[in-house]
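Coordinates in review
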Amino acid sequence: MTDDVLISVERGIGRLRLNRPKAIHALTTAMCEKMSEALLAWLDDDNVEMVVIDHAEGRGFCAGGDVVMLARSGNTDADEAKRFFFAEYRLNHLLFSYPKPTLAIMDGITMGGGVGISLPCSYRVATENTRLAMPETSIGLFPDVGGGWYLSRLPGRVGQFMVLTGARLDGAECHYLNLATHYVEQSGIEDLVERLMVAPGRATGALGAASAPTPEVKIEQNLALIARLFASDRLEEVLAALEQDESEWAHTELSTIRTKSPLSCKVSLRLLADGAARASFADEMRAEYALAGRVVRTHDFREGVRAVLIDKTGDPQWDPPTAEEVTQEMLDVLFAPLPASEEWTPFPEAETVA
Ligand code: QUE
């Protein structure tokens, strides 16, 4: 069996290379644990000045997580799903608080779990192939891996727009929104990594030299509309605003949102509203862990994974089927904190930092 993460130290760089090409490098529990183990070992390894995360062979950086496993587990006791989220969020938090420079190369599809290991990195490189999205409302899940933290801190209402529509941002858009710190053409990536290995202490210089001017930032022309039409934290109000708008853009986005799970959409809006006010990233991950263990057991998650990823019939039957029928009580049950003995905890080594 081949290794699903390639781990090495080469000339001052600790490298984590995702290597599960058949699943577009979607994360498994074992992959998360292996990456965390290496990162923890590198904390006091003077041979490691910097960490670089990318993917090995095949297309795409990381499509997310092993959602088919999550759905299967959610059908029973959800124990395996909880173990995955626990490990994945520990990795996300370890990267967020990591004291050495970290760099993610988001070349190609970067969704869900892939976003979770990119955004906490100090340097985030987008290319012309980057397609970054938080598409979880399509499958009855919610934008986890710190989504409530990062997306609620984007300008205007771009985060709310992203989670409701599942919009895919290209590399230029990621750079414009500071989701990526640099834009480098894919043809320059190999040379960039080589330069980093020659002088890991001069990462900023190497990144500057490798950077290319970004093409047109398409989302820029829609920012005013996004800020206005996605202004409300209430799903019904966003839908009404889109309905009443004359633009073709609004009608296209409205029909997209109508394909998503109404329950997931409401969970996502509430997560972003809560996330904007949280004191620490650890608090965010604690709340998301409690939420994730419950959402994987919902009808919508099972149905979404079936319709979109297993049977690929593309006809999920959501329950409740409309925004109005998703009640505050349903949300309160999903958002309740866990008893202390079941709560998510960060790695002790990372606890003091964030
Ligand atoms: C929404 C999602 C995911 C998705 C598709 C969606 C997601 C995810 C995957 C995915 C894709 C390919 C794989 C895989 C997982 O697809 O989170 O293992 O091989 O992980 O519409 O949220």
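To be clear, the structure that these remarks concern was listed above.
Structure report, in brief. Not measured: the values here are computed from a predicted model. (Residues numbered from 1 in each chain as written. Predicted model: local features only at pLDDT ≥ 70, side-chain atom pairs only at ≥ 80, totals over all residues. Heavy atoms only, no water.)

What follows deals with the overall build of the protein chain. For the protein chain, the helix and strand inventory stands at 17 helices and 9 strands. Taking 20 Å as the expected radius of gyration for a compact globule of 354 residues, we find that the protein chain reaches 20 Å, a close match to that expectation. Here the C-alpha coordinates of the protein chain stretch approximately 60 × 50 × 40 Å along the principal axes. Scored against the burial criterion, the 354 residues of the protein chain give a buried share of 57%. Long-range pairs, those at least 24 residues apart, make up 74% of the contacts in the protein chain with a sequence separation of at least 6. Side chains of the protein chain give 33 positive and 53 negative charges; the mean places of these two sets differ by 2 Å. (Helix = DSSP H or I, 4+ residues; strand = E, 2+ residues; numbered from the N terminus. Rg over C-alpha atoms; globule rule 2.2 N^0.38 Å. Buried < 20%, exposed > 50% of the residue type's maximum accessible area, 1.4 Å probe, protein only. Contact = heavy atoms within 4.5 Å. Lys, Arg positive; Asp, Glu negative; His and termini not counted. Charge placed at Lys NZ, Arg CZ, Asp CG, Glu CD.)

To continue, consider the packing of helix H13 (residues 262-276) against helix H16 (residues 328-335). Two numbers describe how H13 lies on H16: the axes approach to 11 Å, and their chain directions differ by 60°. If you check the angle between H13 and H16, you find them oblique. Here H13 and H16 pass one another in a crossing that is right-handed. Facing Leu263, Lys266, Val267, Arg270, Leu271 and Asp274 of H13, the residues of H16 in contact are Gln328, Leu331, Asp332, Leu334 and Phe335. The residue makeup of the contact of H13 with H16, split by class, is 6 nonpolar, 1 polar and 4 charged. (Axes fitted to C-alpha atoms, helices over the stretch in contact; angles between N-to-C directions. Parallel < 35°, antiparallel > 145°, perpendicular 65-115°, else oblique. Left-handed = near helix turned anticlockwise from the far one by under 90°. Nonpolar A, V, L, I, M, F, W, Y, C, P; charged D, E, K, R; others polar.)

A few words now on unusual backbone geometry. In this structure, the amide linkage connecting Asp319 to the following residue, Pro320, adopts the cis form with an omega of 0°. Residue position: Pro320 is located in the loop between helix H15 (299-310) and H16. One non-glycine residue, Ile24, lies in the positive phi region at around 45°. Among the secondary structure elements, Ile24 is positioned in the loop between strand E2 (13-18) and helix H1 (29-43). The phi dihedral of Ala78 is positive, around 65°, even though this residue is not glycine. Structurally, Ala78 can be placed in the loop between helix H2 (67-75) and helix H3 (79-96). By relative accessible area, Ala78 is classed as buried at 0%.

A cluster of nonpolar side chains, contributed by Val68, Val308, Leu309 and Ile310, occupies part of the molecular surface with about 290 Å² of accessible area. The biggest single contributor to the nonpolar patch is H15, with 3 residues. Relative to the helices and strands, Val68 resides in helix H2. Take Val68: its relative accessible area is 37%, and that puts it in the partly exposed class. (Patch = residues over 30% accessible without salt bridge, like charges linked within 9 Å, V, L, I, M, F, W, Y side chains within 5 Å. Areas by Shrake-Rupley, 256 points an atom, 1.4 Å probe, with all protein chains shown as cover. Salt bridge = Lys/Arg side-chain N within 4 Å of Asp/Glu carboxyl O.)

Looking at the ligand, the residues that line it are Ala23, Ala26, Ala63, Gly64, Gly65, Val67, Pro135, Glu136, Ser138, Ile139, Val308 and Leu309. Taking Ala63, its main chain carries an N or O atom lying 3.3 Å from an oxygen atom of the ligand. In this structure, Gly65 approaches the ligand through a main-chain N or O atom, which is 2.8 Å from an oxygen atom. The fraction of the free accessible surface of the ligand (460 Å²) that becomes covered by protein chains is 81%. (Near = heavy atom within 4 Å. Polar contact = N/O pair within 3.5 Å; in protein donor to acceptor, adjacent residues only side chain to side chain.)

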